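Residues per chain are reported as follows:
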Amino acid sequence: HGIYCFTTPCPQPLVEVGFAFVVTNVSSSAQTLSFADGQRFEIDLFDGEGANVLSWSDDQFFTQATSSVTLAAGQTEVFYGTLDIGIDGSQIVGDFQAVGYMVNTEGAGKQAIDFTVAAAR
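(A) Geometry of the sheet that holds strand S4 (residues 52-55). An order of S4-S3-S8-S9 is seen for the four strands of this open sheet, with the pairing classed as antiparallel. Taken across any chain shown, the strands that pair with only one partner, and hence form the sheet edges, are S4 and strand S9 (110-117). Across the sheet, the mean angle from the axis of one strand to that of its neighbour is 25 degrees, orientation sign disregarded. Where strand S8 (residues 94-102) and S9 come together, eight bridges link them in antiparallel fashion. Bridged to Gly-100 within S9 is Gln-111.

(B) View of the layout of surface pockets. In this structure, the largest pocket spans a volume of roughly 450 Å³. If you go around the largest pocket, you meet 26 residues; those closest to its centre are Phe-21, Val-22, Val-23, Met-102 and Gly-109. For the lining of the largest pocket, the leading source of residues is strand S1 (residues 13-24), giving seven residues.

(C) Examining a nonpolar patch on the surface more closely. A cluster of nonpolar side chains, Val-22, Val-78 and Tyr-80, forms an exposed patch at the surface whose accessible area comes to about 300 Å². Among the secondary structure elements, Val-78 is positioned in strand S6 (residues 76-87).

(D) Region of the structure containing the packing of aromatic side chains. Counted by the stated rule, this structure contains six aromatic pairs. Taking the centre distance of 6.3 Å and the plane angle of 20 degrees together, the rings of Phe-21 and Phe-41 count as stacked. One end of the pair, Phe-21, is in strand S1; the other, Phe-41, is in strand S3 (residues 41-47), with 20 residues separating them in the sequence. The pair Phe-21 / Phe-41 is uniform in exposure class, with both members buried. One aromatic cluster is present, built from ring pairs that chain together Phe-21, Phe-41, Trp-56, Phe-62 and Phe-79. Sitting over the ring of Tyr-101, Lys-110 keeps its end group 4.7 Å from the ring centre.

(E) Summary view of the nonpolar core. Counting residues in each nonpolar core, the largest one holds 20 residues, and the members touching the most others are Phe-41, Ile-43, Leu-45, Leu-83 and Met-102. Looking at this core, the element that brings in the most residues is S1, giving four residues.

(F) Representation of the environment of Thr-66. Residue placement: Thr-66 occurs in the loop between S4 and strand S5 (67-71). Expressed as a C-alpha distance, the spacing of Thr-66 and Gln-39, which sit 27 residues apart in the sequence, is 9.6 Å. With near-sequence residues (within four places) excluded, Thr-66 lies in contact with Phe-35 and Ala-36.

About the cut-offs
Residues numbered from 1 in each chain as written. Predicted model: local features only at pLDDT ≥ 70, side-chain atom pairs only at ≥ 80, totals over all residues. Heavy atoms only, no water. Pairing = 2+ DSSP bridges. Helix = DSSP H or I, 4+ residues; strand = E, 2+ residues; numbered from the N terminus. Axes fitted to C-alpha atoms, helices over the stretch in contact; angles between N-to-C directions. 1 Å grid on protein atoms, 1.4 Å probe; cavity = no way out; pocket = protein on both sides within 12 Å on 5 of 7 lines; lining within 4 Å. Points joined across faces, edges and corners; volume = space filled by probe spheres on them. Patch = residues over 30% accessible without salt bridge, like charges linked within 9 Å, V, L, I, M, F, W, Y side chains within 5 Å. Areas by Shrake-Rupley, 256 points an atom, 1.4 Å probe, with all protein chains shown as cover. Salt bridge = Lys/Arg side-chain N within 4 Å of Asp/Glu carboxyl O. Phe/Tyr/Trp six-rings, centres within 6.5 Å; stacked < 30°, edge-to-face > 60°. Buried < 20%, exposed > 50% of the residue type's maximum accessible area, 1.4 Å probe, protein only. Lys NZ or Arg CZ within 6 Å of the ring centre and 35° of its normal. Core = buried A, V, L, I, M, F, W, Y, C linked by side-chain atoms within 4.5 Å. Contact = heavy atoms within 4.5 Å.

Here you go:
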């Protein structure tokens with residue numbers, strides 16, 4: 001039992017957008033990805049002007065322990081995340097680009113997807 005918010009009623013997500021970030025080892029040998037903390041990936045949301053509106057990691061906490069993941073040749077790992085794009089009746093609308101990437105210490109490519117958010121009815 002804990003405190004979840006400091007206002008009454010507690011703000012609730014209006015709209016969530018779900019993402020699946022898929023990483024496949026396309027090499028012919030095992031690859032190890034090292035991480036500086038518990039965060040494995042990031043999803044940044046940019047508006048039509050290129051400004052970062054929000055990130056998946058906003059308001060999240062991650063263990064500070066280093067870790068690694070080894071993917072065998074051809075192995076795929078899927079990471080899931082959601083972005084709250086509206087709180088208590090205030091929803092972002094417009095054209096956006098979500099950019100997902102691994103936050104491993106070796107660096108990783110980025111994958112982007114464009115989408116539009118219409119006003120909630």
